[in-house]
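Coordinate analysis (summary)
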Amino acid sequence: MKLCIIGSGYVGLVTGACFAEVGHHVICVDNNQKKIDMLLAGQIPIYEPGLEELVTRNVAAKRLMFTTSIEEGVAHGEVVFIAVPTPPQADGSVDLSYIEAVAREIAGVLKEYRVIVDKSTVPVKTGEKVAETIRRYNKTGCEFDVVSNPEFLREGCAVPDLMKPDRIVIGSNNDRAVSLMKKVYEPFMAPILVTDINSAELIKHAANSFLALKISYINAVAAICEASGADVEKVADGIGMDRRIGRNFLNAGLGYGGSCFPKDIAAFISISRQLGVPFTLLEEVERINASALEHFLVKVREALWVLRDKKIAVWGLAFKPDTDDIRCSVAMDLVVQLLKEGAYVSVYDPKGMEKAKELGTLKKATFAASPLEAAQDAEALIIATEWEEFANVDLAALKKTMHTPLLFDGRNLLHPDIAREAGFTYVSVGR
Ligand SMILES: NC(=O)c1ccc[n+]([C@@H]2O[C@H](COP(=O)([O-])OP(=O)(O)OC[C@H]3O[C@@H](n4cnc5c(N)ncnc54)[C@H](O)[C@@H]3O)[C@@H](O)[C@H]2O)c1
């Protein structure tokens with residue numbers, strides 16, 4: 001099929017590449033000229049495992065193209081996916097101006113029947129607004145359908161998530177659109193759930209909120225474990241072995257971050273309030289999450305006393321492993337706080353350092369070329385992102401390079417016995 005994706009970021013670009021991989025002919029559109037220039041020059045603007053090979057292969061096969069022109073994209077794609085940002089506003093509600101702008105632009109260039117698919121995460125009832133907007137600004141009276149098709153990929157494993165999804169949700173009130181959408185997804189051989197548009201939109205916010213709830217739940221349990229001398233990892237194993245619950249998302253740590261969970265939970269709280277049915281449970285989820293970092297910093301301050309002028313190494317800046325994405329990363333917040341308290345902070349992240357440098361909030365930090373370089377002469381080391389590289393580090397060499405072997409593991413990445421046997425004073429979360 002001929003497909004168009006508007007917005008070529010973490011979701012749009014990977015989706016476009018995966019659609020091309022299964023044989024569709026895809027144009028990815030973005031209004032960021034620099035991004036499109038990079039893609040046209042064979043460079044990948046984001047780090048995502050497996051993406052580069054996928055893009056290179058499909059560009060060579062002429063199944064994947066890039067442009068800044070929505071007109072070109074809409075003329076090409078019988079199905080047009082919208083994957084632009086839906087950032088939070090100060091009050092937690094969603095800024096839908098990107099979606100509205102794209103809907104207007106599509107309306108201006110719509111000349112024949114198209115299925116317009118919202119892949120961005122949007123509040124329930126956005127599909128209705130998108131349809132209204134296209135109807136209002138389209139002068140040709142041309143037929144179209146709006147579909148909600150929320151995306152569930154996880155950064156860091158976006159390619160396998162897209163190639164082998166748990167489910168595809170298609171929210172539509174129209175048979176013609178549903179059958180085209182089924183054709184798009186047929187090669188993926190994944191379970192397809194067809195719903196009305198409002199339910200599809202709600203599924204995404206409800207799913208992310210539930211995952212965030214699991215994280216906050218285990219972080220609350222971790223605090224109880226610390227107070228009682230229990231081990232949260234064992235408790236999580238014991239809970240997670242119950243198939244009704246499952247072990248995923250029961251990892252205690254510094255809390256959730258990233259470009260999705262914080263904004264999606266805030267959005268769901270805001271949506272529920274607007275609908276007159278406040279989801280107060282999620283306010284507690286947010287509160288627990290916000291307190292996780294401060295709770296951890298208390299332990300750092302207890303051990304180091306005054307942080308001013310102390311050299312502290314931080315491993316990890318990305319909000320999770322296997323990505324360069326530092327948006328709303330708790331690791332970044334941690335470094336900012338340490339700098340604010342006057343510590344000398346030396347950081348290392350396998351993929352996130354370029355974006356952190358560009359952002360400019362860590363100007364006072366030193367960016368190291370390796371984990372051991374970051375830890376050199378440090379009085380403490382904090383693991384803030386659970387990269388595999390950190391789990392495999394040579395603990396003897398690490399101890400030798402540090403000033404004081406004091407290790408704060410904010411992601412419970414290392415085994416306490418192994419760290420302690422290697423001579424470290426080891427502090428983690430909930431154990
Ligand atoms: N990142 C994730 O893990 C993830 C997962 C599931 C859903 N989502 C949702 O998908 C949506 C996109 O997220 P993302 O992480 O890919 O964002 P992103 O910022 O990485 O990418 C969005 C892209 O849209 C482009 N854009 C903005 N306005 C445009 C316009 N008018 N015309 C053309 N291009 C335009 C931007 O230049 C950018 O490249 C959001 O709603 C997000 O919540 C994200």
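Take the environment of phenylalanine 249 next. Within the secondary structure, phenylalanine 249 sits in the loop between α10 (232–240) and α11 (261–274). Spatially, the C-alpha atoms of phenylalanine 249 and alanine 212 are 8.0 Å apart, while their sequence positions differ by 37 residues.

The next thing to look at is the site of the ligand. Asp30, Lys35, Thr86, Glu155 and Lys263 are the nearest of the 27 residues found near the ligand. For the ligand, an oxygen atom lies 2.6 Å from a polar atom in the side chain of aspartate 30. Arginine 327 places a side-chain nitrogen or oxygen 3.1 Å from an oxygen atom of the ligand. Relative to its free-state accessible area of 830 Å², the ligand is covered by the protein chains to the extent of 91%. Elements that contribute at least two residues to the shell around the ligand include exactly α1 (10–21) and α5 (97–109). At three residues, the largest contribution of residues to the shell around the ligand is made by α5. Class assignment of the residues belonging to the shell around the ligand gives a composition of 10 nonpolar, nine polar and eight charged.

The subject of this paragraph is the pattern of salt bridges. Applying the stated criterion to the full structure yields 23 salt bridges. Residue lysine 234 is joined to aspartate 231 by a salt bridge in which the shortest nitrogen-to-oxygen separation is 3.6 Å. Residue aspartate 231 is classed as partly exposed on the basis of its relative accessible area of 26%. A salt bridge links arginine 273 to glutamate 283; the shortest N-O distance between them is 3.6 Å. Highlighted residues: arginine 273 in helix α11 and glutamate 283 in helix α12 (residues 280–304), separated in sequence by 10 residues. Classification of arginine 273 as partly exposed rests on a relative accessible area of 46%. On the accessibility criterion, glutamate 283 (32% relative accessible area) is partly exposed.

The next thing to look at is the domain arrangement of the protein. For the protein, the domain assignment lists domain 1 (2–195) and domain 2 (287–427). Computed from C-alpha atoms alone, the centre-to-centre distance between domain 1 and domain 2 is 37 Å. If you look at the interface, domain 1 gives eight residues, while domain 2 gives 10 residues. Here domain 1 meets domain 2 over a buried area of about 710 Å², counting both sides, of which 45% is carbon and sulfur. When the buried area of domain 1 at its contact with domain 2 is split by residue, Tyr10, Tyr47 and Glu155 rank highest and sum to 77% of it. Across the salt bridge formed by arginine 327 and glutamate 155, the nearest N and O atoms sit 3.6 Å from each other. Inspection of the domain 1/domain 2 interface yields five residue pairs in polar contact (both at pLDDT 80 or more). Split into classes, the residues belonging to the side of domain 1 that touches domain 2 amount to five nonpolar, one polar and two charged.

Let us now look at α12. Helix length check: α12, at 25 residues, gives a terminal C-alpha distance of 37 Å against a target of 36 Å (1.5 Å per residue), a fit within 8%. The largest bend in α12 comes to about 30°, at alanine 292. Tryptophan 305, located one to two residues past α12, shows a positive phi value of around 60°.

On to the packing of α1 against helix α3 (residues 51–60). Contact geometry of α1 with α3 gives a least axis separation of 9 Å together with a crossing angle of 55°. Our classification of the angle between α1 and α3 gives oblique. The two elements α1 and α3 meet at a crossing, and its hand is left-handed. Touching Leu13, Val14, Ala17, Cys18, Ala20 and Glu21 of α1 are Leu51, Leu54, Val55, Arg57 and Asn58, all from α3.

Each strand in a sheet pairs with another by means of backbone hydrogen bonds, the pair being arranged parallel or else antiparallel. The strand order across the open sheet formed by six strands is β11-β10-β9-β12-β13-β14, and the pairing between neighbours is parallel. Where the open sheet ends on each side, the last strands, each with one partner, are β11 (366–367) and β14 (425–427). In the sheet, strand β10 (residues 344–348) pairs with β11 via two bridges, with the strands oriented parallel. Of the residues in β11, the one forming a bridge with serine 346 is threonine 366. In the packing of α12 onto the sheet, contacts are made with β9 (311–315), β12 (380–383), β13 (406–409) and β14, and the angle to β13 comes to roughly 175°.

Criteria and cut-off values
Residues numbered from 1 in each chain as written. Predicted model: local features only at pLDDT ≥ 70, side-chain atom pairs only at ≥ 80, totals over all residues. Heavy atoms only, no water. Helix = DSSP H or I, 4+ residues; strand = E, 2+ residues; numbered from the N terminus. Near = heavy atom within 4 Å. Polar contact = N/O pair within 3.5 Å; in protein donor to acceptor, adjacent residues only side chain to side chain. Areas by Shrake-Rupley, 256 points an atom, 1.4 Å probe, with all protein chains shown as cover. Nonpolar A, V, L, I, M, F, W, Y, C, P; charged D, E, K, R; others polar. Salt bridge = Lys/Arg side-chain N within 4 Å of Asp/Glu carboxyl O. Buried < 20%, exposed > 50% of the residue type's maximum accessible area, 1.4 Å probe, protein only. Domains from an automatic or database assignment. Contact = heavy atoms within 4.5 Å. Buried area = accessible area lost by both parts, 1.4 Å probe. Expected span 1.5 Å × (residues − 1). Bend = angle between axes of the 7 residues up to and from the residue. Axes fitted to C-alpha atoms, helices over the stretch in contact; angles between N-to-C directions. Parallel < 35°, antiparallel > 145°, perpendicular 65-115°, else oblique. Left-handed = near helix turned anticlockwise from the far one by under 90°. Pairing = 2+ DSSP bridges.

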